[in-house]
Amino acid sequence: MDAELTFEPNSTTLYSGEHVNLTCHMREANVSEWYYEFKWNDKPLVPITPSNVLRIPELTPDRNGDYQCIAHHNRSEESKQSNRATLSVSAHRPRATVRASRTSIPVGGSLTLTCSVEQSAGWSYDWFTRSPDAEETAIATNPVHNSLSISQGGSYWCRGRRTHSDFFSEKSHVHHIDRTLSNRSFVVLQHNWTQIFSGETISVRCEIQGGGDTQWEYEWRTTSSHQPVTGPNTAPTHSEYRLGPASVFHSGEYWCKARADWYSSTEWSEAFQLRVTRTSNHLSQPPRGRYVFTSFYWLFLAGPAKCDLDVDLKWSMNADKPRPRLTADDTTITGKGSVALTCSVENAAEWRYDWFRRTSASSAAQILRYNETDDEISISEEGIYSCRGRRGDTSFLTEDSNRVTIENRVSHKASVVLQPDWSLVFSGERITVRCELPADELTEVEYEWTNPTDELTEVEYEWTNPTDELTEVEYEWTNPTDELSEWEYEWTKPNSTTAPTHNEHRIVNVSSSDSGSYRCLAKDKKNLNSTTEWSDDVTLTVSERPAAQLSADHRAFPVGGSVLLTCSVGPASPGWKYYWYRGEKTSEPLTDEDFKSHGQSASASREGLYWCRGGRGDPVYYTQYSHSVRIHGIVHNRAAVTLQPNWPSRYRGEAVTLRCEIQGGDSEWEYEWTATSSQAPPNTKEFRISLGSDLSGSYWCQGRLKGAWQNSTGWSAPLTLSDAAAPPPVLTVSPSWLTPGASGTLTCGGVPHPTAGWRFYWYRAHPISLDPVPRCPQSDQYHTPEFSYELLPGSDGGTEQNSSVIQGLTESAGYSCRAGRGDPVFYTEYSETKWVWPVDSYSSVSLTVKPDSVQHFDDDNVRLTCEGNSDEWRLWMFTGEVELTECKSHKTMTSFSWNIYLPSGVFWCGSGSEISNAVNITRDSDRVLLESPAHPVTGGQSVTLSCSLFRRTNLDSSFFFYKNGELLQSDVKGKLEISAVSKSDEGFYKCEHSGVFSPESWMSVKYSDRVLLESPAHPVTEGVSVTLSCSWFGRKLDSSFSFYKNDELLQRDIRGKMEISSVSKSDEGSYKCEHSGVFSQESWMSVKYSDRVLLESPAHPVTEGVSVTLSCSWFGRKLDSSFSFYKNDELLQRDIRGKMEISAVSKSDEGFYKCEHSGVFSPESWMSVKLTPAAPPSASPVPLVVGLVGGFTLILLLSLLLLCWCRNSKNLCRDRLSQSLRTNQSSDPTVQYDEIQLPVYSSLLHGDDCIYDSIRGDTEEGTRGDP
């Protein structure tokens, strides 16, 4: 198709009366070589013509249809058809439409009007305006654009004109435009009241800021149900909008604006919120009383019926009106004094006040003052007072206030007495409460009471409490005088009501409901508002029946001795007598000669089970029985509770053994235990428990002789076990970033007394994957993984040291530790997982970041790619804690990428079972960022660092580059080039532009394995010699090698060796070597302390009272230089001989000891102290047994003395045994031991090396007897 038919005007919709030109355009052909045929709905429109333009002068609606032209070549039979073009002719002339860009012209601004004709093209536009006092004026004729900018208010309209034609559209509707004035309008309330009530008359007013003398007309609008209408009380065109009487239907928002002329006005004001509170004060209120309502109703099929309804009508008293609160500074007028009354209404400044007084509750109110502005008055007359508030022109009234009774107080004062005079009584006792007046007033008295319970109703003389819970309570009332009194009595207790008028209240069976404060007053019967003063409060407290408390100064007594028992009743109260019992509770009170009581105390010298209780009153009121106390006779053997293992601290879950040790082990004992724990211990010599909340507490034990059960050792001193949880260990890792193959140190801290039996276990933490693993690709759903723990090699039995070295780390890994001790092993919780990351990886899995930079802008698209060979992919993120995202692909892939948003942190990935290196990414919104490699740079390569400013690097201004805080260079291109990077280039880099610094980034340098450093893999013991070797491809060359520590040159050596003759802690550090400009990888050499300083201390418990010498040596040698001795980390003394002597050791000397020389400390050692055995008594309840034990002991000591003298090598033993013998022979046989003395340890309890050596002799032959 090489012909095209077009319309002019270029519109598919035209209107009746318009003309149109049809043009047949020829493409790539000479128009004059063709004849043209125009068709309308496939019919010839005109004869064939040589002109390619056909004009239809006046269109009519019947010309609708499809048009086409056909071109015929004048020298051939060739013809070409055009496209079909549809023409629609409308019978109606179109109407123009005016639209405004806003509703009014802003202050100092303009407004744009737009004219359009049914959204059709090919029009020009004429604009017209009219002011109120002018004719229509054309302001723009035939403009090309359809918009008009105006800055004056008025009436505007437009019409459309066909371009190059006299065809017009219909004129648009008139559009009225207002010009906004700079004045602002405000809606204000005539009375500035915070709350409006229905029935009040109020007005809202429209105020104009800067209105001057302008004659304004006003417009109002509101969201209330009452719209502004013209009427006697409203004037919508005036500044005041009067509402009266107001109702809840007036509640809503109100706006106003003012108009200076027809087209100039202010903006609408801000909304004013009016809230009207519903009341019924505007309704008429009939008087109260009884009314008869007559009504007719129809019964079905039975005609009308009449119903009279007799009701007592109590009119609702405007419950929604505000109600004042009347208060008095005092309710009693004394003598010629006065009191102040205050009438309080919310927003008091809005109200005026009316005051009323009544002489009695049934009398009519008399008005005292009317329409007072003051809300406080002073009165000096008794009576019943009330008030109310009023406001507004129509005097809107509040409800009446509460009533306040003011009394005139006479000079007499009543008093409340209790009989018996006990302010604290107990449930079931008797008590009498009496109201008394001065003696000259006790004539013809009548009484008035309130009982502390609210439920008690008025009765006379004898009555019972109706409450369900007080079923056995009886009350008796007595009046000691005839009821011919001039007084009435009133009793009060908080929240109680008025009770009978008797002056004596006898409670036969008191209960907790009678508790409270009692007070009373007397009223003059002739003038009930004339009273005595209130008595002082007397508080009666009723408690539940108490139980007596029985205590003993000891639980056991020696022969001829006694135990002091004390019985008490709590809470403390007077009047008690005490009753004592032995055996059963139901037995008669004790009157034995061997039991002497003195009030609360009694002396018991017989064994048995004792009880007590208290009693008082007539008849006697008894307390509950006390708990029982068992009293025993004692022998002179002493019991002690021991604990194994005897560590300084024990924790919940640990297993310990408690043992009852008794001096003089030859006797046969039965054992008895008591404890404050919730589980009772078994009565065996020893038992094993696992510490927990139900087993924590204090433990005592005692022994009883078999066959003479009444003879006991007495209770031991208590041993207290706590329920403390073991603190979780704290793992530290140094360093956190490692070069591949380097070693790092794990330290497990936070465990108190790490040498007290603890061993340390080291674990690698493996995150547990989700089940099931999500399919790839996945969203950025991170989760905090749980961990499984795998023991590190060599950690099966734990390590004694709390540090461990990890060797040859090649991938990112998490580590944890815990401590354990005992059998079975008690473990602490796992420590928090700590992570170690290699800066590079020998793994087949690697993580790359694109762009290859540490620093990125917040909105940069950062892509992480994990290269491996698997269908399972994981990405770890560390931002303070580890989070993991993982997925499983449908097939094995060689790489997987994450395009998710990545915050600042450390990232590493996993493919299958292998883990990659780690990369550090920094996200920042700073204006300056440093582009530096995210991965280690191989030594010898060139590196370029770039500084970016708002993502632009081509700025003709200087950039400054820093390494480790020191300026390196400035560059106008923002680049720092390092042609051949070396280990010395490793460090923290940052850049600066115009005073703004980028964040710092670490650039790591790695080396090929051409140069290798051979260094110790395990910690080196301080003082030994160490040799470091450097090789080139594993070969030793006769050329110079350089050795570095912490990047500082130490020495050069042609053999490739560096020797340290005596290594010390200062030699610990990171070592590397260099040959021909190539560096080895760094290797950390760790140094552990040797036992250069040793503390010689006793290995076994030391007996209390003996002398002890602690010695400190340097490599086993005693030096004439200062040594320092410490106990529990506190300095005790310094000594040049290296000795610390304790002349007589005591239990307070027990603890952790260590010594120090030249800044080096020895390991800590625990010194345990056992108590001194007691001397045998002179008298015993079983003299035969004691005599046998004493004789056996004497024979044994003589034998030991003989053996020691026979062994020349045991001089020390001889001296000690002789001294022991002398001590025993000189002991006073009449010494009596008090049963509360601290328990002692037998010398054989933990073993005495000297005694065992003497018994053993020179050979191991023979049968060994029991200890």
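Residues numbered from 1 in each chain as written. Predicted model: local features only at pLDDT ≥ 70, side-chain atom pairs only at ≥ 80, totals over all residues. Heavy atoms only, no water.

Some words on the overall build of the protein chain
Across its full length, the protein chain holds three helices and 108 strands. With an accessible surface of roughly 66,000 Å², the protein chain has 48% of that area assigned to carbon and sulfur atoms. (Helix = DSSP H or I, 4+ residues; strand = E, 2+ residues; numbered from the N terminus. Areas by Shrake-Rupley, 256 points an atom, 1.4 Å probe, with all protein chains shown as cover.)

Section: the sheet that holds strand S101 (residues 1108–1114)
Strand order in this open sheet of three strands is S99-S101-S104, and the pairing throughout is antiparallel. Both edges of this open sheet fall to strand S99 (1093–1096) and strand S104 (1139–1142), since each of them pairs with a single strand only. Pairs of neighbouring strands in the sheet enclose a mean axial angle of 10 degrees, with direction left out of account. Note: S101 against S104, four bridges, orientation antiparallel. Paired with Thr-1109 across the bridge in S104 is Glu-1141. (Pairing = 2+ DSSP bridges. Axes fitted to C-alpha atoms, helices over the stretch in contact; angles between N-to-C directions.)

Comments concerning the side chain of Ser-946
Mapped onto the secondary structure, Ser-946 falls in strand S81 (residues 943–949). In contact with Ser-946, other than residues within four places in its own chain, are Leu-929, Leu-930, Glu-931, Phe-961, Gly-974 and Lys-975. (Contact = heavy atoms within 4.5 Å.)

Quick notes on the state of the cysteines
Scanning the entire structure with this criterion turns up 13 disulfides. The disulfide partner of Cys-748 is Cys-817, and the gap between their sulfur atoms is 2.1 Å. Taking the torsion about the S-S bond as the criterion, the Cys-748 to Cys-817 disulfide, at about 80 degrees, is right-handed. Taken as a pair, Cys-748 in strand S66 (residues 744–749) and Cys-817 in strand S70 (residues 813–821) lie far apart in primary sequence, 69 residues in all. For Cys-817, a relative accessible area of 0% gives the class buried. (Disulfide = S-S within 2.5 Å. Buried < 20%, exposed > 50% of the residue type's maximum accessible area, 1.4 Å probe, protein only.)

A look at the sheet that holds strand S79 (residues 928–931)
What the three strands build is an open sheet, ordered S79-S81-S84; its pairing is antiparallel. In this open sheet, the two edge strands, each paired with only one partner strand, are S79 and strand S84 (975–978). In this sheet, neighbouring strand axes are inclined to one another by 10 degrees on average, regardless of whether the strands run parallel or antiparallel. As paired strands, S79 and S81 are joined by four bridges and run antiparallel to one another. What sits directly across from Leu-930, in S81, is Cys-947.

Re unusual backbone geometry
With an omega of 0 degrees, the peptide bond running from Gly-570 to Pro-571 counts as cis. For the bond running from Lys-850 to Pro-851, omega is 0 degrees, close enough to zero to count as cis. Looking at where Pro-851 falls in the secondary structure, it is placed in the loop between strand S73 (846–850) and strand S74 (855–857). Residues other than glycine seldom take positive phi values, yet Asn-964 does so here, at roughly 50 degrees. Owing to a relative accessible area of 46%, Asn-964 belongs among the partly exposed residues under this scheme.

Description of the layout of surface pockets
Counted as a void, the second largest pocket has a volume near 1,600 Å³. Lining the second largest pocket are 41 residues, with Glu-800, Gln-801, Asn-802, Ser-803 and Lys-1088 sitting closest to its centre. Every element with two or more residues in the lining of the second largest pocket is listed here: S66, strand S67 (759–767), strand S69 (803–806), strand S98 (1087–1088) and strand S106 (1160–1161). At four residues, the largest contribution of residues to the lining of the second largest pocket is made by S69. The class makeup of the residues in the lining of the second largest pocket is 15 nonpolar, 18 polar and eight charged. (1 Å grid on protein atoms, 1.4 Å probe; cavity = no way out; pocket = protein on both sides within 12 Å on 5 of 7 lines; lining within 4 Å. Points joined across faces, edges and corners; volume = space filled by probe spheres on them. Nonpolar A, V, L, I, M, F, W, Y, C, P; charged D, E, K, R; others polar.)

Remarks on the environment of Ile-431
Note that Ile-431 resides in strand S40 (residues 431–436). Along the sequence, Ile-431 and Gly-617 sit 186 residues apart, while their C-alpha atoms lie 10.0 Å from each other. When sequence neighbours within four positions are dropped, the list of residues in contact with Ile-431 reads Leu-418, Gln-419, Pro-420, Trp-422, Val-425, His-505, Arg-506, Ile-507, Val-510 and Leu-540.

Topic: the packing of aromatic side chains
On inspection of all chains with the given rule, the structure shows 36 aromatic pairs. Where Phe-595 meets Tyr-610, the ring centres are 5.9 Å apart and the plane angle is 15 degrees; that geometry is what we call stacked. One end of the pair, Phe-595, is in strand S52 (residues 595–598); the other, Tyr-610, is in strand S54 (residues 608–616), with 15 residues separating them in the sequence. Here Tyr-761 and Tyr-827 contribute two aromatic rings whose centre-to-centre distance is 5.3 Å and whose plane-to-plane angle is 70 degrees, an arrangement assigned as edge-to-face. (Phe/Tyr/Trp six-rings, centres within 6.5 Å; stacked < 30°, edge-to-face > 60°.)

Notes on the confidence of the model for the protein chain
With 80% of its residues at a pLDDT of 70 or more, the protein chain shows a mean pLDDT of 78. Every residue in residues 281–319 scores below 50 in pLDDT, and together they form 51 contacts with partners more than four places removed in sequence or on other chains. (pLDDT = per-residue confidence, 0-100.)

Looking at the pattern of salt bridges
Think of it this way: side chains of opposite charge can pair up when their charged atoms draw near. Under the criterion given, the structure shown has 32 salt bridges. When the shortest N-O distance is used, the salt bridge between Glu-872 and Lys-888 registers 3.3 Å. Note that Glu-872 is positioned in strand S75 (residues 863–878) and Lys-888 in strand S76 (residues 882–898), a separation of 16 residues in sequence. A residue is classified by how much of its surface remains accessible, and Glu-872, at 33% relative accessible area, is partly exposed. According to the relative accessible area criterion, Lys-888 is partly exposed, its value standing at 26%. Of the charged contacts, one joins Asp-1047 and Lys-1072 as a salt bridge, the two residues approaching to 2.8 Å between their closest N and O atoms. (Salt bridge = Lys/Arg side-chain N within 4 Å of Asp/Glu carboxyl O.)

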